[in-house]
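# Residue-level structure breakdown
Residues per chain are reported as follows:
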Amino acid sequence: MAALKSAHCGIRNSVSVTLLESTYRQYSQPMLAYLLRLTEDLDQAQEIWHETFLLALQQWPQKPPENPPAWLKITAKNKFIDKYRHHKMTREKVQQLVSEQQEATDELTDTQFGDEQLKLIFTCCHPALEFDKQVALTLNTVAGLTTAEVAQALLLSQKTLEQRLTRAKRKIKQAAIPFVIPEPKHLLGRLNAVLKTLYLMFNSGANQREDTLELQKNACFLVRRLSRLIPHQAETEGMLALMLFHQARQPARFDTSGEIIPLSEQNRALWHPDYITEAHEILKTAMQRQALGVYQIQAAIQGVHCHTKQWSDTDWAEIEALYRVHLNLDTSPVVELNAIYAMSMSRGPECAIAQLKQLEASAALAQYAPFYAVKADISLRLKNIPAAIENFTLAEMFSSSSHEKNHFARQADALRQA
């Protein structure tokens, strides 16, 4: 990754950093999956992919390829052949690739693309790995998130996260974990880890603009593929509904300059009604299976927002009740924070102060930007302007999203000038 950052700096004037990052994330998953199938070694697959992309960074600004995915696949395949031509264990595979000229020029279809990614996810979510290592490794490998981004998503220090990744990769290699989608009888045992990973992958793209939302769109696509691979699973359906409710609101989430528009100020006429309708039907089916889970509850909460014509009509009492159910299934500090905010909206900001202080005392969310955003909002509604400014500033400090940082900074500046 250090080499990639260096290359970004070297061609800053030719191609925007934003475009490079978008391209890297768009092609990382299928290329890693393809290379892992060839190398059967995650570290080697990542090394070849990074070498391939570095070459793209050097060549594309002067001469962009007509077919970028095919260029990446051919280049990566050639690097694999050069690297493993004299390797005893892979000699037959190299000879086969050399003879398969047509295969190298074909792009992956959507179905193949999804299946290759799911193979990679299931490899990372193998039961031989502890659950926390499964999720961390998949976010880093499949979603293409940096260690800093994964650490923030999992509320871990970067050092702890790096140790987990190292151990997980070592375990995959030592245990010779295969790069396959498991047999049906083994799928359910890995479903929770796969869903958790796709959920975090989707959330990591939540504050990107419409033209850089590859992570969100791809996570939704993979959940659809997963629901066909393992049908009739209420939580998979609940997650798909949740993602569709979020995607329905995407056109209204940013203004023309790319700044975040809060839900309370969004033009709801811009929301996608087809996504909302589909999400509602999927959630209804999931609920009828009578296997309630956290993703169904979160989808139901988003459904309340999506079926409300204006912010002032939001049924916060229903949302608060849903979060109470959520807390019975998941007592994480993030869920508790959301429940406290819903209570403050339902009963008034005064009712949330004691619980917010209790949550703050635990220090679990000490570097979590939304925690300070909630504190700022509640302080503002209590007319405590200095506290609101302080907490908006802290939210800006701890956020990893440039769009969020700008939003929190504008809120603090507006209060200072009021």
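Residues numbered from 1 in each chain as written. Predicted model: local features only at pLDDT ≥ 70, side-chain atom pairs only at ≥ 80, totals over all residues. Heavy atoms only, no water.

### Some points on the pattern of salt bridges
This structure, assessed with the given rule, holds 12 salt bridges. Note that Glu259 and Arg410 form a salt bridge whose closest N and O atoms lie 2.6 Å from each other. Residue Glu259 is located in the loop between helix H13 (234-249) and helix H14 (273-288), and its partner Arg410 is located in helix H21 (residues 402-417); the two are separated by 151 residues in the primary sequence. Its relative accessible area of 35% is what places Arg410 among the partly exposed residues. (Salt bridge = Lys/Arg side-chain N within 4 Å of Asp/Glu carboxyl O. Helix = DSSP H or I, 4+ residues; strand = E, 2+ residues; numbered from the N terminus. Buried < 20%, exposed > 50% of the residue type's maximum accessible area, 1.4 Å probe, protein only.)

### Describing a nonpolar patch on the surface
A surface patch of nonpolar side chains, amounting to about 320 Å² of accessible area, comprises Met287, Leu292, Val325 and Leu329. Here Leu329 lies in helix H16 (residues 316-329). (Patch = residues over 30% accessible without salt bridge, like charges linked within 9 Å, V, L, I, M, F, W, Y side chains within 5 Å. Areas by Shrake-Rupley, 256 points an atom, 1.4 Å probe, with all protein chains shown as cover.)

### A closer look at the side chain of Thr75
By the element assignment, Thr75 lies in helix H4 (residues 68-84). Excluding anything up to four places from it in sequence, Thr75 contacts Thr52 and Leu55. (Contact = heavy atoms within 4.5 Å.)

### Concerning the environment of Ala45
Here Ala45 lies in helix H3 (residues 42-59). When the C-alpha positions of Ala45 and Tyr34 are compared, they lie 8.4 Å apart, and in sequence the two are 11 residues distant. In this structure Ala45 touches Leu32, Leu35, Leu36 and Thr39, once residues within four positions along its chain are discounted.

### Quick notes on the packing of helix H19 (residues 369-381) against helix H20 (residues 385-398)
Where H19 contacts H20, the two axes come as close as 8 Å, and the packing angle between them is 165°. If you check the angle between H19 and H20, you find them roughly antiparallel. Between H19 and H20 the crossing geometry is left-handed. On H20, the residues touching Ala369, Tyr372, Ala373, Lys375, Ala376, Ser379 and Leu380 of H19 are Ile385, Ala387, Ala388, Asn391, Phe392, Leu394, Ala395 and Phe398. (Axes fitted to C-alpha atoms, helices over the stretch in contact; angles between N-to-C directions. Parallel < 35°, antiparallel > 145°, perpendicular 65-115°, else oblique. Left-handed = near helix turned anticlockwise from the far one by under 90°.)

### Looking at the nonpolar core
Leu139, Leu198 and Leu226 are the most contacted members of the largest nonpolar core, which totals 92 residues. The element contributing the most residues to this core is helix H11 (residues 184-204), with 10 residues. Ignoring sequence-local partners within four residues, the contact set of Leu226 consists of Leu118, Phe122, Leu191, Val194, Leu195, Leu198 and Thr236. Judged by nonpolar contacts, the second largest core, of 21 residues, contains Ala352, Leu365, Tyr368 and Phe408. (Core = buried A, V, L, I, M, F, W, Y, C linked by side-chain atoms within 4.5 Å.)

### Some thoughts on the confidence of the model for the protein chain
Per-residue confidence for the protein chain averages 83 on the pLDDT scale, and 84% of its residues sit at or above 70. This stretch, residues 1-16, has a pLDDT under 50; its non-local contacts, to residues over four places away or in other chains, come to 23 contacts. (pLDDT = per-residue confidence, 0-100.)

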